[in-house]
Amino acid sequence: MSRATYEIAHIESELEDFNKAQREYRAFYNVWPDHPDAEKALFSRGFILTENLHKDSLALAVFDEFKAKYPKSELM
């Protein structure tokens, strides 16, 4: 189930349905916060929020959470 949720988010992003993509990444991260792809899901959601949906204040909150949870991430 986790893999399917993550892949749906990725596909929605490729189809440029960014609102659905960010919701799927959020759902994935909320349900499986310790999954190996959780780091990428959280970052991807923040990226979509700022770059594609222009919801900078919401993206900032996501990136703050990302920074707190993954301070040594290569995605920083």
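First, a word on what this report is: a plain description of the structure on this page. What you are looking at is a predicted structure, and each value in this text was computed from that prediction instead of being measured.

Definitions and limits used
Each residue is numbered by its place in its chain's sequence as written, counting from 1. Under the rules for a predicted model, residues below a pLDDT of 70 receive no local features and side-chain atom pairs below 80 are neither given nor counted, while totals for whole chains, interfaces and linings still include all residues. Here the side-chain values reflect all heavy atoms present in the structure, with hydrogen atoms and water set aside. The helix and strand labels rest on DSSP assignments: H or I over at least four residues marks a helix, E over at least two residues marks a strand, and numbering proceeds from the N terminus. Only protein chains enter the accessibility calculation, which uses a 1.4 Å probe; a residue whose area is less than 20% of its type maximum is buried, one above 50% is exposed, and one in between is partly exposed. Any two residues whose heavy atoms approach within 4.5 Å are treated as being in contact. Lines are fitted to the C-alpha atoms to define the axes, a helix being fitted only along its stretch in contact, and any angle between axes, read from their N-to-C directions, falls within 0 to 180 degrees. Note on angle classes: values under 35 degrees are labelled roughly parallel, values over 145 roughly antiparallel, values of 65 to 115 roughly perpendicular, and the remainder oblique. Two helices crossing with the near one rotated counterclockwise from the far one by less than a right angle form a left-handed crossing, whereas a clockwise rotation gives a right-handed crossing. When residue character is reported, Ala, Val, Leu, Ile, Met, Phe, Trp, Tyr, Cys and Pro are called nonpolar, Asp, Glu, Lys and Arg charged, and the others, Gly included, polar.

### Points about the environment of Ala-38
Line of reasoning, step 1. Positionally, Ala-38 belongs in helix α3 (residues 38-52).
Line of reasoning, step 2. Overall, the relative accessible area of 0% leaves Ala-38 in the buried class.
Line of reasoning, step 3. Along the primary structure Ala-38 and Tyr-6 are separated by 32 residues, whereas in three dimensions their C-alpha atoms are 9.0 Å apart.
Line of reasoning, step 4. Those residues within four positions of Ala-38 in sequence are excluded, and the remaining contacts are Phe-28, Tyr-29, Trp-32, Pro-33 and Tyr-70.

### Topic: the packing of α3 against helix α4 (residues 56-69)
Line of reasoning, step 1. Orientation of α3 relative to α4, taken along the N-to-C sense of each, is 160 degrees, at an axis distance of 8 Å. Relative to α4, α3 is oriented roughly antiparallel. The chirality of how α3 crosses α4 is left-handed. Within the contact between the two elements, α3 uses Glu-39, Leu-42, Phe-43, Arg-45, Gly-46, Phe-47, Leu-49 and Thr-50 and α4 uses Asp-56, Leu-58, Ala-59, Val-62, Phe-63, Glu-65 and Phe-66.
Line of reasoning, step 2. The class makeup of the residues in the contact of α3 with α4 is nine nonpolar, two polar and four charged.

All we've got here are geometric facts, nothing functional implied.
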